[in-house]
Amino acid sequence: MGAVITGWGKCVPPAVLGNDVLETFMDTSDEWVATRTGIRERRISHVGMVELSTVAAARALAAAGVAEDDFDCLILATASADLHIPNAASRVQLALGNRGAAALDTNVGCCGFVYGLAMANGLIESGVHSRVVVIGAERLTTILDWTQRDSAILFGDGAGAVVVEAGSSGAGVLGAFLACDPVPGESLMVADLGNTPAHQRRSSPYNLSFDGREVFRHAVPGMVKASHQALARSGLSIADIDLLVPHQANLRIVEAVGKKLPIDSAKVFTNLQRYGNTSAASIPLALTEALEAGRVAPGDRLLFTAFGAGLTSAAAVVRWGERTERVADSGRELHPCTLSAMELVAPALKFQRQWHQNGQ
Ligand code: COA
């Protein structure tokens, strides 16, 4: 029994923050950001990540041709949940009108979607569930410090989702590899959230500790190793892959991974130029856009590979099914947005500038 992706969908908030706008309040330039990362713009959400997730999942369920409430498990991969008790997955489940399905959040940073897909595969193969919604969604811009140019330029908001169903056509997840090396974990860490009592916090709520070079150093070998392991478990080689959909962190990382695997750059899909790093959302968002762009054909073999906070690494090989068109479209839309991206960012920026001015 295979675990086949039968539906896909994305939800990106409308407010666009271009590098040109970053230049107006940060000591950076479009040229620096574009050259070092490939990123030109990112989205800033006016709604919570539960709403982003709900719309992406509704669109994926419509694409699969099933009702919004017709699933028996929902996995929400995120590092920026709107709430922790109960989990955000249960709020998405509620919004979709489902009662009774299993619902869980999984936080493995940017590897969240691949972990979620591998979990869905295991749940389906073992007969525990038969239709699993896997969502990757983030609203990371709410925890960015907009005075920190090394990290604030990198991330953006968005969501992507797939529907994974039991099938016997030979399509499905052929192999996966999941790992975490906690030793370099502090190179990408947001401490003092979660259960730290407010009076014991060492810092502002915007305390992203980030060593970009260290993350970069682990990212490329991590993604390459995970890819080779997933390929080996699939009984395939890199030459068998029709399309690589990597985690969209940084164009230089994606290009280095492509060279080392190696895979022809024409077989590598990127959209980070328009969204930045959307963490757990990046692969399902890119996959959906690859399908919309006609880059996936029936029976294609796809490779997903990612790295992220932890530091985690993960990869999965998927054989696509027969259908590359949506069965139906969803009528779900986000609440309208009346603010510009800069207006959405401004209150946090003001607070953060004052915080730093006060020497905190
Ligand atoms: N604009 C202008 N200059 C900047 C800048 C910005 N936004 N951010 C940093 N700089 C400066 C630095 O201060 C440094 O100046 P210095 O040489 O005078 O000290 C210089 O640019 C080089 O910084 P460095 O950190 O060495 O740049 P880099 O080439 O390593 O690129 C990253 C930085 C963050 C783009 C890169 O390390 C990276 O992509 N890392 C992985 C990040 C990632 O994807 N994380 C998410 C994990 S899922």
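Scroll up to find the structure.
Here's a quick rundown of the structure. (Residues numbered from 1 in each chain as written. Predicted model: local features only at pLDDT ≥ 70, side-chain atom pairs only at ≥ 80, totals over all residues. Heavy atoms only, no water.)

Here we take up the environment of His-228. Along the chain, His-228 falls in helix H7 (residues 212–234). Since its relative accessible area comes to 34%, His-228 is described here as partly exposed. Here the alpha-carbon distance between His-228 and Ile-238, two residues 10 residues apart in the chain, equals 7.7 Å. Among the polar contacts listed, one links the side chain of His-228 to the backbone oxygen of Leu-261, at a separation of 3.4 Å. (Helix = DSSP H or I, 4+ residues; strand = E, 2+ residues; numbered from the N terminus. Buried < 20%, exposed > 50% of the residue type's maximum accessible area, 1.4 Å probe, protein only. Polar contact = N/O pair within 3.5 Å; in protein donor to acceptor, adjacent residues only side chain to side chain.)

In the vicinity of the ligand, 23 residues are found, and the nearest of them are Thr-28, Arg-36, Cys-110, Arg-213 and Asn-250. A distance of 2.5 Å separates an oxygen atom of the ligand from a polar side-chain atom of Asn-250. Relative to its unbound accessible surface of 970 Å², the ligand loses 75% to contact with the protein. Contributing elements (two or more residues each) for the shell around the ligand: helix H2 (30–37), helix H6 (149–152), H7 and helix H8 (251–260). The greatest single-element share of the shell around the ligand, amounting to four residues, is contributed by H7. Its residues placed into classes, the shell around the ligand shows 11 nonpolar, six polar and six charged. (Near = heavy atom within 4 Å. Areas by Shrake-Rupley, 256 points an atom, 1.4 Å probe, with all protein chains shown as cover. Nonpolar A, V, L, I, M, F, W, Y, C, P; charged D, E, K, R; others polar.)

A few words on the sheet that holds strand S12 (residues 301–308). Pairing is mixed across the open sheet formed by four strands, whose spatial order is S8-S13-S12-S11. Lying at the two open borders of the sheet, with one neighbouring strand each, are strand S8 (172–180) and strand S11 (243–246). For this sheet the average axis-to-axis angle between neighbouring strands, irrespective of direction, equals 10°. When S11 meets S12, the two strands line up parallel, connected through four bridges. By the bridge assignment for S12, Leu-244 is matched with Leu-303. (Pairing = 2+ DSSP bridges. Axes fitted to C-alpha atoms, helices over the stretch in contact; angles between N-to-C directions.)

A separate point is the pairing of strand S4 (residues 73–77). Judged by how many residues are buried, S4 sits mostly within the fold: five of five residues are covered. Because side chains alternate across S4, one face comprises the buried residues Cys-73, Ile-75 and Ala-77, and the other comprises Leu-74 and Leu-76, equally buried. When S4 meets strand S5 (residues 102–106), the two strands line up parallel, connected through five bridges. Residue Leu-76 lies in a different strand from S5, and its bridge partner there is Asp-105. Each parallel crossover has a hand, and the one from S4 via helix H4 (residues 88–95) to S5 is right-handed. Two strands pair when backbone bridges link them, and S4 and strand S6 (residues 131–138) are joined in this way by five bridges, in the parallel orientation. Within S6, the residue paired with Cys-73 across the bridge is Val-132. (Right-handed = clockwise from strand over helix to strand, strands pointing away.)

Right, let's talk about the side chain of Thr-288 for a bit. Looking at where Thr-288 falls in the secondary structure, it is placed in helix H10 (residues 282–292). Setting aside its immediate chain neighbours within four residues, Thr-288 contacts Trp-8, Gly-9, Lys-10 and Arg-326. (Contact = heavy atoms within 4.5 Å.)

On to the nonpolar core. One finds Trp-146, Leu-261 and Leu-303 to be the most contacted residues of the largest nonpolar core, which totals 48 residues. Within the residue set of this core, elements represented by two or more residues are H7, H8, S12, strand S13 (312–319) and helix H11 (341–357). Apart from residues no more than four positions distant in its own chain, Trp-146 is found in contact with Leu-17, Leu-22, Phe-25, Met-26, Ile-44, Thr-141, Ala-152, Val-345, Ala-348, Leu-349 and Gln-352. Formed by 36 residues, the second largest nonpolar core is a distinct cluster that contains Trp-8, Ile-75, Val-245 and Val-296. (Core = buried A, V, L, I, M, F, W, Y, C linked by side-chain atoms within 4.5 Å.)

We now examine the packing of helix H3 (residues 49–64) against H4. Relative to each other, H3 and H4 sit at 50°, their axes nearing to 9 Å. The orientation of H3 relative to H4 falls into the category oblique. Crossing of H3 against H4: the hand is right-handed. Residue-level inspection shows Met-49, Val-50, Ser-53 and Thr-54 of H3 in contact with H4, the latter providing Ala-88, Arg-91, Val-92 and Ala-95. Tallied by class, residues from the contact of H3 with H4 come to five nonpolar, two polar and one charged. (Parallel < 35°, antiparallel > 145°, perpendicular 65-115°, else oblique. Left-handed = near helix turned anticlockwise from the far one by under 90°.)

Before going further, it helps to examine H4. All of the buried residues along H4 are Ala-88, Ala-89, Ser-90, Val-92 and Gln-93. The inward-facing, buried residues of H4 abut H3, S4, S5 and S6. Of the residues trailing H4, Gly-97 is marked for its positive phi of about 80°.

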